[in-house]
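# What the coordinates show
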Amino acid sequence: MPANAPARLRVLGPVELLVDGRDVDLGGLRSRALVTALALTPGDVASTDRLIDLVWGAEPPKTAANQLQIAVHRVRTALTEAGLDAHATLRREGGGYVLDGLAADLTDFRAGVATGETAAHAGDWNAARAAFQTALALWRGPACPDLAGTAVVNGIEEERLSALEQRMVADLLAGDPAPVLTDAPGLLTERPLRERVLHLLVLAHALSGDRARARKEHERACAAIVEALGIDPGPELRDLDPEGELAPALDRLHTWIAGPPPAPAVRPRELPAHIRDFVGRPGELAALADGLKDAADGAGAVLTVVGLGGVGKTALAVHAAHAASWRFPDGCLFADLRGAEPEPRDPHAVLAVFLRSLGVPDDAVPTDGTARITLYRRLLSERRVLIVCDNAFDAEQVRPLLPDTAGSAVVVTARADLSRLDPAVAVRLDALTEDDSVELLTRLSRGSSGHDRERLHRLAALAGGLPLALRIVGARIARRGFHLDRIIARLTDEQRRLDALSDGDLRVRSCVDVGYRRLSEPAAAMLRAVALLPATDIGLWLAAAAVNTPSAEAAPLAAELAEAQLIRLTENPGSETRVTLHDLVRVFARGEATDPDHAGLAQGFEALLGLTHTASEALRTRIHVPPIPPRGFTAPEPAALDTVRSAPRAWFAREHEVLSAAVTAATAYPDLAWRLALAPVTFLEQGFHIDTMRRIHGAVAAMRPFADPHAEAGLDYLELKILTAESRRAEALRLARPARRAFLDVGDPLRAAAVAVELAKAVRLGGGNERIAIAALRWALARLDELPPDPSVHAQRGWTLLSLTAIVVEKDQDEAHDLYERAIAEFELGDDTAGAARARGALGVVYQRSGDHRRAIAILERALSAYIALGLSVDRLYCQVFIASNLLLLGDHAEAVRRCDEAIEELRATPYPALFLGIVHVKGSALHASGDFAASRDVLREGLDLAQELGAGYVQAKLQYVLVKCLVGLGVTDEAAAAVERLIELLPPDDPRIAETRALLTAS
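Residues numbered from 1 in each chain as written. Predicted model: local features only at pLDDT ≥ 70, side-chain atom pairs only at ≥ 80, totals over all residues. Heavy atoms only, no water.

Attention now moves to the overall build of the protein chain. When you go through the protein chain residue by residue, the secondary structure sums to 48 helices and 17 strands. Computed over its C-alpha atoms, the radius of gyration of the protein chain comes to 39 Å, more than 25% above the 30 Å expected for a compact globule of 1004 residues. The principal-axis extent of the C-alpha atoms belonging to the protein chain is close to 115 × 75 × 65 Å. Per-residue burial over the protein chain gives 53% buried out of 1004 residues. (Helix = DSSP H or I, 4+ residues; strand = E, 2+ residues; numbered from the N terminus. Rg over C-alpha atoms; globule rule 2.2 N^0.38 Å. Buried < 20%, exposed > 50% of the residue type's maximum accessible area, 1.4 Å probe, protein only.)

Shown next, in the form of structure tokens:
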């Protein structure tokens, strides 16, 4: 259809298709939206995916493709009814659709703007302003309301605003500021921070002779930008002097609108070669791929990749750019901004290179930086180009290289924080996973490693998953002259590791050094102090203590380190900020440490000890009394103490590995080391962290002898707890009496009594003489009675009574009942909630044995509530077993099963098989008693498999006994007979359950 055909499409306002002056009904919203989307790029193919994104937005329905076909059909029907060739006008082509052959107001608008620009190039300002105004007159309201707010329509709106700006520039260059004074305020109502319009309004007041008004407008505009955005205005507005010489400002306007002639269209392809050995990063690649797709579909975008030097930012960016390059038909630009070098590249120099790549002749590249930006952005305004800015120094270096229109995308990599660029996608890159690291080493070694996976895993760990370090190691392996064990030996030595991780111009040390040298001295000191601490994941409070700085003042220093990608900060709601340090950064910073830095290590240990002591007291149990901190030590901050007191068990869960490492590392501070070893024992014992207890005891025992006899006695006590927990009876007995004497010698009968409790436990291991155990416990009670009333004394008396009752209960339940009640009373006086719960739980078992199941359940429920509040999961689960058992004995089978189900899934994931088997026995018995024999059988068989694996013959017999009854109930006599034979193997010959099950089998 010729251009002057009677059919005309109007989208600069409500969508209309006019044929011979008549409005054609295009149908519903989707049909009009489809026509609008196609009109934005007349004559060009719009892919189905792009049309779906434009018509439905970011979350299209699953039926979008079908609905698009329906909309195409309806539009073609309307075109046919209007007398047009529907399939020629809206035709299918290359996986999309093309709208062709219609005159369009958008095309006329763009032609008018081009006419104005041509006149401007010729310096004919009156003709230029007239052409721009004629083009603007085509607008009948907001463009394409059916697609309001989408990126593409926003781009068309940007064309209108740009044309209006160009007309106002032509007004001023023609010597007529009046139209600018009329139109600019209205435009600023829509876009109050649009700098170019603010610039034009200030200049218009100045050219009209009102310099005072110009100055006020300039001050107001600059202040508004600072207040709204937190940054200074751009140089064009900032440097404008409304009371000075105006000729330079007018020269700049001339550059804005005229500039050099447009460059011929070229399609640069400047991405570095594709990286053959790229591995991993699936999540990061997916995020970049989605962002680049959105950008190519018209949104435009800045995407950032930040991380430590050597972490693989460039590799990721280049890999993602190659994968998405087909989406940018007008080419790809690449620049290394050299942000890690002493003198990063001037972005205006980079612009000159980009302009030449886009086809601008050398003699047409502007010398003025602002003019380069203007030309660069104008060239990109009608193109879709992918730009990779690698190794940026900061956001400000990149800002001049960003397009100001939709369609193009910029991927920026940097070590510095780039959040000020407001990226559509922000990737924070960390080290590779261990598996990906091994895969990279395997590829780089080209088979030279002989597929020795174990050694490759070790090398991956020593390289910290840092791709640069892995590439250096891989290159050495590939040369075949370096044996894996030799490389591992060199990397294992921390003092040589960074020197070993260098190969030609690849040096891990240099990557870390660049960021370190740019730090302020206080931030650098914090990095060195954190590196000296014996863990790579610590609380910010500990980092602050190590540099003797309040947390409030340490937070900005940590933020500086995080912005330099030398640490990672993690905000955890409800707890303190965590500081994570890459292992190779730790090695580097340790090498930079000075004597004052090492002195700060003791301050960190002191803070750790103070908080550990506070956390132990806040656990609401006094099963172990931690040692008093030494005199004159640095107390933790009140805020840190409050955090610990509010959730001591959660604090221990986060920090007990740090504590363990600190004990090992504190060899230079023995007086702190032994106290650090003993302070967390309550938490470690309650959480069954026996391995950790053994590890910290071994570390401190290696520092013996100690000058302080309290240290020697305390370490013996810790060892005694470990030995009894591990059922090492003979060793425990040999140690218990000397340990008790050691505490008496230092005048500490309270802890001597605690040793007596451990002695009683050791005696009872393996069925020892109970009289000796009782004598030890009564000795402990006598020593405690000699001490003045104190919460610790009351609590220790409670624990002593609890141990005594565990012996008495087998012989005299009435006495056991009284002793448990006495223990509960002592625990309550000692504010030992855990001890009181433990005593109530034991008393509940006494009631169960006496047949008073309802009272047993009542007191067990009280214990259970306390365990839940205290976060003692193992004790809570024991309570669940006994409550379910009592419900079973009361005949409440459904509730017993429900209670079992609450605990059983949690128990599957715990290292406490005895608990699991106990709850399985109760559940299986309850299901059997309710008549659900099949379900009971399945539960019992799972328990039997575990019991057999553990060699738990007693539990096997209990489970097998119930299983026999289930199989009889199901009528499977052969299986039941075999189960009876197995039961006979497990039980003594005179056990009555044998006769009972045989009788059941005979009766069946």
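Residues lying three or four places apart along an α-helix face the same way, a consequence of the helix completing one turn every 3.6 residues. Its 16 residues give helix H37 (residues 770-785) an end-to-end C-alpha distance of 22 Å, which sits within 8% of 22 Å, the value for a rise of 1.5 Å per residue. Of the residues making up H37, those classed as buried are Ala773, Ala776, Leu777, Ala780, Leu781, Arg783 and Leu784. Looking straight down H37, one finds that the buried residues subtend no more than 165 degrees of arc, so they occupy a single side. Pointing more than 90 degrees away from the buried face of H37 are the exposed residues Arg771 and Asp785. (Expected span 1.5 Å × (residues − 1). Arc of directions from axis to C-beta.)

Per the counting criterion, the structure on display carries nine aromatic pairs. Seen in terms of ring centroids, Phe354 and Tyr376 are 6.0 Å apart; in terms of plane orientation they differ by 25 degrees. Their pairing is stacked. Remark: Tyr376 occurs in helix H16 (residues 369-380) and Phe354 occurs in helix H15 (residues 347-357); sequence separation between them is 22 residues. Tyr376 matches Phe354 in its accessibility class, with the two residues each being buried. Residues Tyr516 and Phe588 carry aromatic rings whose centres are separated by 5.3 Å and whose planes lie at 75 degrees to one another, so their mutual orientation is edge-to-face. In this pair, Tyr516 is assigned in helix H23 (residues 508-517) and Phe588 in helix H27 (residues 583-592), connecting sequence segments 72 residues apart. A relative accessible area of 7% means that Tyr516 is categorised as buried. Sitting over the ring of Trp779, Arg740 keeps its end group 4.4 Å from the ring centre. (Phe/Tyr/Trp six-rings, centres within 6.5 Å; stacked < 30°, edge-to-face > 60°. Lys NZ or Arg CZ within 6 Å of the ring centre and 35° of its normal.)

Considering soluble globular proteins, one finds that nonpolar side chains tend to be buried as a cluster. Of all hydrophobic cores here, the largest spans 132 residues; its most connected members are Leu459, Val508, Leu519, Leu527, Leu608 and Trp651. Of all the elements, helix H24 (residues 521-532) adds the most residues to this core, at eight residues. Here this core spans two domains, since at least three of its residues come from each of domain 3 (282-429) and domain 4 (434-511). Apart from residues no more than four positions distant in its own chain, Leu459 is found in contact with Leu441, Val473, Ile477, Leu484, Ile487, Ile488 and Leu491. (Core = buried A, V, L, I, M, F, W, Y, C linked by side-chain atoms within 4.5 Å. Domains from an automatic or database assignment. Contact = heavy atoms within 4.5 Å.)

Moving on: the pattern of salt bridges. What the rule picks out here adds up to 57 salt bridges. A salt bridge links Arg528 to Glu521; the shortest N-O distance between them is 2.8 Å. By relative accessible area, which is 6% here, Arg528 ends up buried. Between Glu657 and Arg695 there is a salt bridge, with the nearest N and O atoms lying 3.6 Å from each other. Here Glu657 is found in helix H30 (residues 648-665), whereas its partner Arg695 is found in helix H33 (residues 690-701), with 38 residues between them in sequence. Given a relative accessible area of 38%, Arg695 falls into the partly exposed group. Three or more residues are tied together by salt bridges with common partners; here these are Arg129, Arg167, Asp171, Asp176 and Asp183. (Salt bridge = Lys/Arg side-chain N within 4 Å of Asp/Glu carboxyl O.)

Among the surface-exposed residues, Asp812, Asp814, Glu815, Asp818 and Glu821 lie close enough to one another that they form a single negatively charged patch. Structurally, the position occupied by Asp812 is in the loop between helix H38 (791-808) and helix H39 (813-829). A relative accessible area of 33% places Asp812 in the partly exposed class. (Patch = residues over 30% accessible without salt bridge, like charges linked within 9 Å, V, L, I, M, F, W, Y side chains within 5 Å. Areas by Shrake-Rupley, 256 points an atom, 1.4 Å probe, with all protein chains shown as cover. Lys, Arg positive; Asp, Glu negative; His and termini not counted. Charge placed at Lys NZ, Arg CZ, Asp CG, Glu CD.)

A few words now on the state of the cysteines. Inspection of the entire model under this criterion finds zero disulfides. Unpaired in this structure, Cys332 has its nearest cysteine sulfur neighbour in Cys389, at a distance of 12 Å. Since its relative accessible area comes to 1%, Cys332 is described here as buried. (Disulfide = S-S within 2.5 Å.)

Right, let's get into the side chain of Lys923. For Lys923, the position within the fold is in helix H44 (residues 913-929). For Lys923, a relative accessible area of 14% corresponds to the buried category. For Lys923, the residues in contact, after removing those within four places along its chain, are Val897, Cys900, Asp901, Ile904 and Val939.

Partitioning the protein chain into domains gives domain 1 (7-104), domain 2 (127-258), domain 3 (282-429), domain 4 (434-511), domain 5 (788-871) and domain 6 (886-1003). For domain 3 and domain 4, the distance between their C-alpha centres works out to 32 Å. The partner domain 4 presents four residues to the six residues of domain 3 that form the contact. Of the roughly 410 Å² buried at the junction of domain 3 and domain 4 (both faces included), carbon and sulfur atoms supply 59%. Counting the surface domain 3 buries against domain 4, the share from its top three residues, Gly310, Val311 and Arg415, is 66%. Counting across the interface, domain 3 meets domain 4 through zero salt bridges. Split by residue class, the side of domain 3 that touches domain 4 holds two nonpolar, three polar and one charged. (Buried area = accessible area lost by both parts, 1.4 Å probe. Nonpolar A, V, L, I, M, F, W, Y, C, P; charged D, E, K, R; others polar.)

On to the packing of helix H1 (residues 29-39) against helix H3 (residues 64-81). With their axes 9 Å apart at the nearest point, H1 and H3 run at an angle of 80 degrees to one another. By the criterion of interaxial angle, the relationship of H1 to H3 is roughly perpendicular. Contact residues: Arg30, Ser31, Leu34 and Val35 in H1; Leu68, Ala71, Val72, Arg74 and Val75 in H3. Split into classes, the residues belonging to the contact of H1 with H3 amount to six nonpolar, one polar and two charged. (Axes fitted to C-alpha atoms, helices over the stretch in contact; angles between N-to-C directions. Parallel < 35°, antiparallel > 145°, perpendicular 65-115°, else oblique.)

A separate point is helix H48 (residues 992-1003). End to end, H48 covers 17 Å across 12 residues, agreeing with the expected 16 Å (1.5 Å per residue, within 8%). A distance of 2.9 Å separates the backbone nitrogen of Arg993 from a side-chain oxygen at the start of H48, and that oxygen is part of Asp991. (Polar contact = N/O pair within 3.5 Å; in protein donor to acceptor, adjacent residues only side chain to side chain.)

This part is about the sheet that holds strand S5 (residues 90-93). Strand order in the open sheet made by the three strands is S4-S6-S5, with antiparallel pairing throughout. Lying at the two open borders of the sheet, with one neighbouring strand each, are strand S4 (46-47) and S5. Across four bridges, the pairing between S5 and strand S6 (residues 96-99) is antiparallel. The residue bridging Arg91 from the neighbouring strand is Val98, located in S6. Of the strands in this sheet, S5 and S6 touch H3, which is tilted by about 140 degrees from S5. (Pairing = 2+ DSSP bridges.)

Another aspect to go through is the environment of Glu243. Tracing the chain through its elements places Glu243 in the loop between helix H11 (235-238) and helix H12 (247-257). According to the relative accessible area criterion, Glu243 is partly exposed, its value standing at 46%. C-alpha of Glu243 to C-alpha of Arg215: the two residues are 28 residues apart in sequence and 6.9 Å apart in space. Once you skip the residues sitting within four places of it in the chain, Glu243 turns out to touch Arg211 and Arg215.

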